[in-house]
Every structure is written in structure tokens, then in C-alpha cells.
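Reading the structure
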Amino acid sequence: MIHITTIFEVLLLVLINQVTCQGPAKCLSPPPSSNFTLKGYYGVWYEIGKFQTPGGAFFEKDCVCTVIDVEPKYGGSSEGDSTALNSSRKNTYDGHYANATGQLIDKIQPGQWKEKFFFFAPAVNYTVIYMDDNFAVEYDCGESFGQVNYCIHILARTPTPDQDMVKHLAVWSLKLGLNNIDVPFLLTNQTKCW
């Protein structure tokens, strides 16, 4: 059953996109990291920062303490199907707990899937474009209601990673041309969360 608030949020999202999109955003298809392994990607990742268009930012507005816990999806339709439990708090470390579980399905190649949150929402492209033992960069992009939304997430295995590496990964992401409407980089507050 679709709740009235969900329908309202989707309609509001469409309106926000119509008003705030700065130019012709487009989804790109970067290759997944050559270092990607499923085993290496599973587990908890702390969101350190992101470049995000207004559509996704509407749903993640005021989120702090954001983590993504990636786990295998047993019984999935293809090898490598996984779940990504996205959890955060609103405004402060002790604020309202929020979560959304994304289904990483239809693996295209290692490190690249379709991600789906709700049965009525279209799946988006989800690609891990960088990965080492301590950091990952994930790019997701999709089109709905005629609008393109993307996010470039800088993730780390610790909530207080090396800031020089965070800056390096943000600049590296920009050089790939993925932030094609020049949304600003936003750090995710992880203060007092853990």
C-alpha cells in the first residue's frame, strides 16, 4: 500500500527537480574499480562526503551519522546480488533514526549493479568506481519523471579517515566528469556518532 506521504514526497521531488536543476544532467557509465571484490565491499562503510543532485538530497536532507552496510542477498536472482542498508540520523547524532534498504540486483559486472529501493521506483545504476582496503567511491545515477539525479559517495571504513585522501578522492571524482551540473561537495557529519 502506498502511503499518502510517499506520493506527496515523490510529487514534491519532481517539483524540486523542475525548479532546481542547474543544467542538463546526464548519467554516465564509468567502469567499476579494477580492485573491486564482493568480499572487500561487504560490511560497514561510513559516508564521509558526497556530490548529490537535489532529488536525492531531498530524501537525505539533514542526515548525519550516515552508514551503509553492504551484505550478500541470499537467494538473489544473480551471483553478487546484495543489499545496502543505508542508515542515518536526522540533524544530530541522537536525532530520529532513518534507514532505507537498497537492493543491489542484476549485476552487470563485478562492482556494477542496478539499485532499487521501492517496487514503484525505477532502478538506478550503481557502480563502485574506486575501492581499496580503507576507501570506496560509489556513483549512482538514474532518471525518473524526466529528471536525472546522481550521487557520488565518498565512503570509508572509519568515521574519521585521512582527510587528505578524502580530498584526493573528491578531486579525482571531479576529473572523471561525473558531477556534470557542478553540485557542491558536502561533508557528512560523523561527530559523536560512534
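Keep in mind that what you see is a predicted model, and the values were worked out from it rather than measured.

Bringing the packing of aromatic side chains into the picture now. Scanning the entire structure with this criterion turns up nine aromatic pairs. Centroid distance Phe-36 to Tyr-41: 5.7 Å. Interplanar angle 55°. Geometry classified as tilted. Residues Phe-36 and Tyr-41 agree in their burial class; the two are buried. Members of the aromatic cluster, connected to one another through ring pairs, are Phe-36, Tyr-41, Trp-45, Trp-113 and Tyr-126. Here the basic side chain of Arg-157 rests over the ring of Trp-45, its NZ or CZ set 3.7 Å away from the ring centre.

The residue Cys-65 is not glycine, and still its phi comes out positive at about 55°. On the secondary structure map, Cys-65 appears in strand S2 (residues 63–72). Accessibility expressed as a relative area gives 5% for Cys-65, which makes it buried. Despite not being glycine, Lys-192 shows a phi value in the positive range, around 60°. You can see Lys-192 is positioned in the segment after strand S9 (185–187). Judged by relative accessible area, Lys-192 falls into the exposed class, the value being 63%.

Turning to the confidence of the model for the chain, a few remarks are in order. Close inspection of predicted coordinates is inappropriate for parts of the model with low pLDDT. Mean pLDDT for the chain: 86, with 85% of residues reaching 70 or above. Segment residues 1–22: pLDDT under 50, and 26 contacts once partners within four positions in sequence are set aside and those in other chains are kept.

Turning our attention to the state of the cysteines. As enumerated under the stated definition, the model contains two disulfides in all. Between the sulfur of Cys-27 and that of Cys-141 lies a disulfide, 2.0 Å long from S to S. Disulfide Cys-27 to Cys-141: torsion about the S-S bond roughly -85°, handedness left-handed. Pair noted here: Cys-27 is in the loop between helix H1 (4–20) and helix H2 (38–41) and Cys-141 is in strand S7 (residues 135–144), with a separation of 114 residues, a long-range link. Indicated for the chain is the disulfide connectivity 1-3, 2-4, based on numbering the bonded cysteines in sequence order.

Another aspect to go through is the environment of Asp-182. Position of Asp-182 among the secondary structure elements: in the loop between helix H4 (163–175) and S9. Relative accessible area serves as the criterion here: at 61%, Asp-182 is assigned to the exposed category. A sequence separation of 131 residues divides Asp-182 from Phe-51, and the C-alpha atoms of the two residues are 8.4 Å apart.

Attention shifts here to the layout of surface pockets. By volume, the second largest pocket amounts to about 230 Å³. If you trace the second largest pocket, you find 15 residues lining it, with Lys-50, Gln-52, Ala-57, Glu-60 and Leu-186 closest to the centre. Contributions of two or more residues to the lining of the second largest pocket are made by strand S1 (43–52), helix H3 (54–59) and S9. In terms of residue count, the dominant contributor to the lining of the second largest pocket is S1 (three residues). Taken together, the residues that form the lining of the second largest pocket break down as seven nonpolar, four polar and four charged.

A word on the pattern of salt bridges. Within this structure, the stated rule accounts for two salt bridges. Across the pair Asp-62 and Lys-61 runs a salt bridge, and its minimum N-O distance is 3.1 Å.

Before going further, it helps to spend a moment on the nonpolar core. Ranked by internal contacts, the top residues of the largest apolar core, which has 23 residues, are Tyr-130, Phe-135, Val-137, Tyr-139, Tyr-150, Ile-152 and Leu-169. Secondary-structure elements contributing two or more residues to this core are S1, strand S6 (124–131), S7, strand S8 (147–156) and H4. Per-element accounting of this core gives the leading share, five residues, to S8. Setting aside its immediate chain neighbours within four residues, Tyr-130 contacts Ser-33, Phe-135, Ala-136, Val-137, Met-165, Leu-169 and Trp-172.

Turning our attention to the pairing of S1. Regular strands have side chains that alternate between both faces of the sheet. The buried fraction of S1 amounts to eight of the ten residues, a majority that puts the element mostly inside the structure. Relative to S2, S1 is paired through four bridges, and the arrangement is antiparallel. Each bridged residue has a counterpart across the sheet, and for Trp-45 the counterpart in S2 is Ile-68. Sheet topology places S1 next to S8; six bridges connect them, and they run antiparallel. For Gly-49, the partnering residue across the bridge sits in S8 and is Ile-154. Pairing of S1 with S9, which is carried by three bridges, proceeds in the antiparallel orientation.

What counts and what doesn't
Residues numbered from 1 in each chain as written. Predicted model: local features only at pLDDT ≥ 70, side-chain atom pairs only at ≥ 80, totals over all residues. Heavy atoms only, no water. Phe/Tyr/Trp six-rings, centres within 6.5 Å; stacked < 30°, edge-to-face > 60°. Buried < 20%, exposed > 50% of the residue type's maximum accessible area, 1.4 Å probe, protein only. Lys NZ or Arg CZ within 6 Å of the ring centre and 35° of its normal. Helix = DSSP H or I, 4+ residues; strand = E, 2+ residues; numbered from the N terminus. pLDDT = per-residue confidence, 0-100. Contact = heavy atoms within 4.5 Å. Disulfide = S-S within 2.5 Å. 1 Å grid on protein atoms, 1.4 Å probe; cavity = no way out; pocket = protein on both sides within 12 Å on 5 of 7 lines; lining within 4 Å. Points joined across faces, edges and corners; volume = space filled by probe spheres on them. Nonpolar A, V, L, I, M, F, W, Y, C, P; charged D, E, K, R; others polar. Salt bridge = Lys/Arg side-chain N within 4 Å of Asp/Glu carboxyl O. Core = buried A, V, L, I, M, F, W, Y, C linked by side-chain atoms within 4.5 Å. Pairing = 2+ DSSP bridges.

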